[in-house]
Amino acid sequence: MKVAIIGAGICGLYLAKNLAEKNHTVSVFEKRNKIGKVACSGLFSSRILELIPESKELITNQINSAFIYFPKKTVRIDFSKPFFTMSHYDLDNLMYELALRSGANVYFNEEKGIDIKGFDRIIGTDGANSRVRKELNLPTIKYKSGIQVFTSEKSDSQFVETWPTKEGGFIWKIPRGEETEYGIIGSVRSSASLLNKFLSDHKIASEKLSSAMIPFGFSLPNSSHITLCGDSAGMIKPWSGGGVVWGLKAANILIKHFPNFNRYHGEANLFYGPRIFVTGIATKLVYFFGYHIPWLLPKTVRVEGDYLM
């Protein structure tokens, strides 16, 4: 089949590689002039090595646990699967090379929508501000702001530190080996000021800054010809805003059922719908307990960091 993939992020390139390996003719259209996402914490569970084995060479540190610092309670989370830090930019470019080797074609400076002709299937993987999603008239996505900064502080610590904010977001500190990353996820209105105050209070001088919009609002179209995958479909973890492993999991579901998009939609809805609903409620409860009745929270908990359930 002739397949058009709109957006050359990690999810689109992963799909391009795997569909090209199945002898489909794949064209990827990217509106920018280069590959590589900059604004992302680059913290992925060990599943990334199962999905993209070549990414092992990009690892800069291993993370086994996280601390959540509520005002009157600290909770330690131990991950049943370790996480690894790596550059999202480098991961995207690795996936780009793998897609090209598999026979996919990637075209730059090409902003496409659902009106392109001559393709048997169209897949939108064009991120938070997905043009494909908008043209399909799917429900409006809600956004949070993600901001990250880096310092030259070297650290091989194997834990992440987080400070929840009252609005339901959090500030993080991630040791990345040769550098340390700080960041925040929260409301578009207040995230920048909250992060600046945190950095100032802790006398942290940042050296690099980047930001991105994080989409929340899972939805897939009712179409046998056009579909979405990854951030464009709102496949984002409610508790952390991470979406890479979730998006690649959806990509594997799509590949399994390709070219039957209706079966992909059915399995993806069954997989993501309950998880987004239940973990969204659980996240709100943790914040409520943390700020109002912290003694109800355990001191230590072990979780599966990608799905929780």
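Residues numbered from 1 in each chain as written. Predicted model: local features only at pLDDT ≥ 70, side-chain atom pairs only at ≥ 80, totals over all residues. Heavy atoms only, no water.

A closer look at empty space enclosed by the protein
Vacant regions in the atomic arrangement are exposed by a probe of water-molecule size rolled over the atoms.
And step 1. Under the defined criterion, the tally for this structure stands at one cavity of 30 Å³ or more.
And step 2. What lines the largest cavity is K144, G168, G169, F170, I185, F216, P238, W239, S240, G241, T283 and Y287.
And step 3. Each residue belonging to the lining of the largest cavity can be placed in one class, and the counts come to six nonpolar, five polar and one charged. (1 Å grid on protein atoms, 1.4 Å probe; cavity = no way out; pocket = protein on both sides within 12 Å on 5 of 7 lines; lining within 4 Å. Points joined across faces, edges and corners; volume = space filled by probe spheres on them. Nonpolar A, V, L, I, M, F, W, Y, C, P; charged D, E, K, R; others polar.)

With respect to the environment of V301
And step 1. Relative to the elements of secondary structure, V301 occurs in strand β14 (residues 300-303).
And step 2. Residue classification places V301 among the partly exposed positions, given a relative accessible area of 29%.
And step 3. Sequence separation of V301 and L220 is 81 residues, and the distance between their C-alpha atoms is 33 Å. (Helix = DSSP H or I, 4+ residues; strand = E, 2+ residues; numbered from the N terminus. Buried < 20%, exposed > 50% of the residue type's maximum accessible area, 1.4 Å probe, protein only.)

Section: helix α6 (residues 244-257)
And step 1. Relative to the 20 Å expected for 14 residues at 1.5 Å per residue, α6 spans 20 Å between its end C-alpha atoms, a close match to the ideal helical length.
And step 2. Of all the 14 residues making up α6, eleven are buried; the element is thus mostly covered by neighbouring parts of the structure.
And step 3. Considered for burial, the residues of α6 that qualify are V244, V245, W246, G247, L248, A250, A251, I253, L254, I255 and H257. (Expected span 1.5 Å × (residues − 1).)

Examining the state of the cysteines
And step 1. This model, assessed by the stated rule, comprises zero disulfides.
And step 2. The closest cysteine sulfur to the non-disulfide-bonded C11 is located on C229, 3.4 Å from its own sulfur.
And step 3. Since its relative accessible area comes to 8%, C11 is described here as buried.
And step 4. The class for C229 is buried, based on a relative accessible area of 1%. (Disulfide = S-S within 2.5 Å.)

A word on the sheet that holds strand β2 (residues 25-29)
And step 1. The strand order across the open sheet formed by five strands is β6-β2-β1-β7-β13, and the pairing between neighbours is parallel. Two strands lie at the open edges of the sheet, namely β6 (105-107) and β13 (226-228), each paired on one side alone. Across this sheet, the average inter-strand angle for adjacent strands is 20 degrees, counted without regard to direction.
And step 2. Where strand β7 (residues 121-124) meets β13, three bridges bridge the pair, whose relative direction is parallel. Across the sheet, I122 pairs through a bridge with I226, a residue of β13.
And step 3. Packing of helix α7 (residues 261-292) onto the sheet brings it into contact with β7 and β13, and relative to β13 it is tilted by some 25 degrees. (Pairing = 2+ DSSP bridges. Axes fitted to C-alpha atoms, helices over the stretch in contact; angles between N-to-C directions. Contact = heavy atoms within 4.5 Å.)

Observations regarding a nonpolar patch on the surface
And step 1. A cluster of nonpolar side chains, F277, V278, I281 and L285, forms an exposed patch at the surface whose accessible area comes to about 370 Å².
And step 2. Here I281 lies in helix α7. (Patch = residues over 30% accessible without salt bridge, like charges linked within 9 Å, V, L, I, M, F, W, Y side chains within 5 Å. Areas by Shrake-Rupley, 256 points an atom, 1.4 Å probe, with all protein chains shown as cover. Salt bridge = Lys/Arg side-chain N within 4 Å of Asp/Glu carboxyl O.)

By themselves these figures say nothing about function.
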